[in-house]
Amino acid sequence: MDEDDVTIREQNFHSQVREYIICFLLFAVLYIVSYFIITRYKRKTDDHEDEDAIVNRISLYLCTFTLAISAGAVLLLPFSIISNEILLSFPKNYYVQWLNGSLIHGLWNLVSLFSNLCLFVLMPFAYFFLESEGFAGSKKGIRARVLETFVMLFLLGLLILGIVWVASALIDNDAASMESLYDLWEFYLPYLYSCISLMGGLLLLMCTPVGLSRMFTVMGQLIVKPTILEDLDEQIYCVHLQEEALQRRLNGSASHSQCNALLLHKELDSVRSQRNKLERRKKASAWEKNLLYPIVMLILLTGTTISVLLVALNILYLLVDETAMPKGSKERGIGNASLSTFGVVQAAVEIILMFYLMVSSVVGFYSLRLFEGLTPRKDDTTMTTIIGCCVSILVLSSALPVMSRTLGITRFDLLGDFGRFNWLGNFYIVLSYNLLFAVVTTLCLVRKFTSAVREALLKALGLDKLHLSNSPTDPETAKHSANGHQKSL
């Protein structure tokens with residue numbers, strides 16, 4: 001028996017070491033990719049090794065860590081679903097036995113832990129450290145800035161804990177709840193993260209429908225549209241004439257004010273951008289002009305339609321079956337049964353929809369006027385803006401598994417601390433979330449596809465000057481021909 005116990009302990013030890021190595025390798029890959037993404041958008045600074053350069057570098061490393069954790073949160077459900085299907089397809093294969101329930105649960109718990117760490121410690125530290133200068137009267141340097149940062153973090157922590165304590169006491173004012181408020185690790189932090197997850201879910205509910213309708217415009221700008229009844233050579237010639245005229249005005253504007261010169265520069269850049277787009281459309285191949293655009297639009301429309309239909313079915317399941325409620329699973333039964341009715345095909349569709357919803361939510365987030373200032377620009381994004389982007393993406397990505405399960409995109413139960421959120425057991429909140437998502441997404445799509453009809457009706461009625469339609473203008477649909485008339489596709 002002693003030898004058997006030693007053997008079991010050795011096996012457990014080796015399995016834990018193997019899991020830690022796998023987690024480290026996965027995180028290393030995500031960290032490297034995140035570092036290249038952030039450095040692509042970060043504003044270039046001087047190479048002088050001074051105090052500000054050290055602070056910027058530390059903040060950069062913390063933002064990279066946060067973005068890697070965000071990517072891990074996005075990959076949690078897809079990785080778990082893929083692992084479950086692989087274990088079902090190859091149950092006795094030696095090379096896939098490392099995909100076990102212990103590893104999957106460990107990844108969920110680690111992502112939850114580090115998400116809390118990034119959201120409540122690392123990102124506030126990076127922001128305060130970046131803005132700190134040291135207390136008045138103290139000796140300037142890194143040590144003074146670190147001291148001021150820790151003091152600000154301590155005061156921020158007291159403020160947040162006080163707000164959560166008061167909110168908890170007002171919502172659930174009984175003896176048991178009041179006693180549990182003093183348990184920092186078991187109640188306070190999970191309750192606080194549950195509130196943050198609810199805010200992230202509401203943010204996703206606000207951004208995703210907007211992003212789903214906005215994706216059609218974004219993809220229309222990235223790919224070449226079909227050329228129907230358009231003379232590109234004529235348009236390119238007109239743009240060349242405009243560019244030459246602006247260049248002559250700019251060369252002769254030495255006596256004009258600086259403001260006029262800046263306006264001419266902006267107008268010239270706009271004309272050059274339009275010329276580049278027209279030249280790109282002219283050089284595109286026939287299949288790219290006539291086939292790629294309809295196929296991409298059809299894929300986007302199909303993905304959005306399937307998402308809305310799945311949410312509608314989930315609403316029916318919620319009304320007739322209690323097991324449709326999102327819940328957390330404590331069992332490590334990975335590889336025992338498939339949660340997809342159609343097997344691997346449905347699992348692949350679910351994973352594609354999750355990534356599509358995440359991309360749409362990010363596009364919708366930056367499309368909202370409230371968050372337009374956080375839009376990153378290549379080689380011209382400040383560290384403060386990067387911190388705001390990382391926090392926003394972390395909140396969105398942490399709420400993505402919860403939203404996918406709540407909307408019925410997948411039937412895979414939430415694992416680890418993600419299944420402990422208090423609001424997941426409230427039937428009215430879950431049902432209202434599904435109803436709002438279906439209704440708002442449908443309205444956004446209807447508004448998107450009927451915008452041209454509404455603008456034509458307003459113009460026919462003579463109400464176009466009242467600006468009743470606030471739909472965004474697509475630069476590709478407002479081009480002028482040689483005789484001055486506007487062409488639209």
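Residues numbered from 1 in each chain as written. Predicted model: local features only at pLDDT ≥ 70, side-chain atom pairs only at ≥ 80, totals over all residues. Heavy atoms only, no water.

Draft legend 1. Geometry of the overall build of the protein chain. The secondary structure content of the protein chain amounts to 13 helices and 4 strands. Per-residue burial for the protein chain yields a buried fraction of 40% across its 489 residues. Once local pairs closer than 6 in sequence are excluded, the contacts in the protein chain between residues at least 24 apart make up 79%. (Helix = DSSP H or I, 4+ residues; strand = E, 2+ residues; numbered from the N terminus. Buried < 20%, exposed > 50% of the residue type's maximum accessible area, 1.4 Å probe, protein only. Contact = heavy atoms within 4.5 Å.)

Draft legend 2. Quick peek at a nonpolar patch on the surface. Together, Phe135, Leu147, Val151, Met152, Phe154, Leu155 and Leu158 make up an exposed nonpolar region whose accessible area comes to about 630 Å². Examined against the element boundaries, Leu155 turns out to sit in helix H4 (residues 142-171). Residue Leu155 is classed as partly exposed on the basis of its relative accessible area of 47%. (Patch = residues over 30% accessible without salt bridge, like charges linked within 9 Å, V, L, I, M, F, W, Y side chains within 5 Å. Areas by Shrake-Rupley, 256 points an atom, 1.4 Å probe, with all protein chains shown as cover. Salt bridge = Lys/Arg side-chain N within 4 Å of Asp/Glu carboxyl O.)

Draft legend 3. Focus on the nonpolar core. If you look at the biggest cluster of nonpolar residues, it comprises 63 residues, and the most contacted ones within it are Trp108, Leu300, Phe365, Met403, Leu407, Phe418 and Phe437. A total of 10 residues in this core trace back to one element, the largest contributor, which is helix H10 (residues 344-367). In terms of nonpolar packing, the next biggest core, distinct from the first, is built from 24 residues, Ala126, Phe128, Met383 and Val395 among them. (Core = buried A, V, L, I, M, F, W, Y, C linked by side-chain atoms within 4.5 Å.)

Draft legend 4. The side chain of Thr381, seen in detail. With respect to the helices and strands, the residue Thr381 is situated in the loop between H10 and helix H11 (383-406). At 3.0 Å, the side chain of Thr381 and the backbone oxygen of Tyr41 are in polar contact. For Thr381, the side chain forms a polar contact with the main-chain oxygen of Arg377, separated by 2.7 Å. Ignoring anything within four residues of it in the chain, the contact list for Thr381 reads Tyr41, Lys42, Arg43, Pro376 and Ile386. (Polar contact = N/O pair within 3.5 Å; in protein donor to acceptor, adjacent residues only side chain to side chain.)

Draft legend 5. Quick peek at the packing of helix H2 (residues 51-89) against H11. Two numbers describe how H2 lies on H11: the axes approach to 8 Å, and their chain directions differ by 15°. Judged on the interaxial angle alone, H11 and H2 are roughly parallel. H11 is crossed by H2, and the crossing has left-handed handedness. In this structure, H2 contributes Asn56, Ser59, Leu60, Cys63, Thr66, Leu67, Ile69, Ser70, Ala73, Val74 and Leu77 to the contact, and H11 contributes Met383, Ile386, Ile387, Cys390, Ile393, Leu394, Ser397, Ser398, Leu400, Pro401 and Ser404. A class-by-class count of the residues in the contact of H2 with H11 yields 15 nonpolar, 7 polar and no charged. (Axes fitted to C-alpha atoms, helices over the stretch in contact; angles between N-to-C directions. Parallel < 35°, antiparallel > 145°, perpendicular 65-115°, else oblique. Left-handed = near helix turned anticlockwise from the far one by under 90°. Nonpolar A, V, L, I, M, F, W, Y, C, P; charged D, E, K, R; others polar.)

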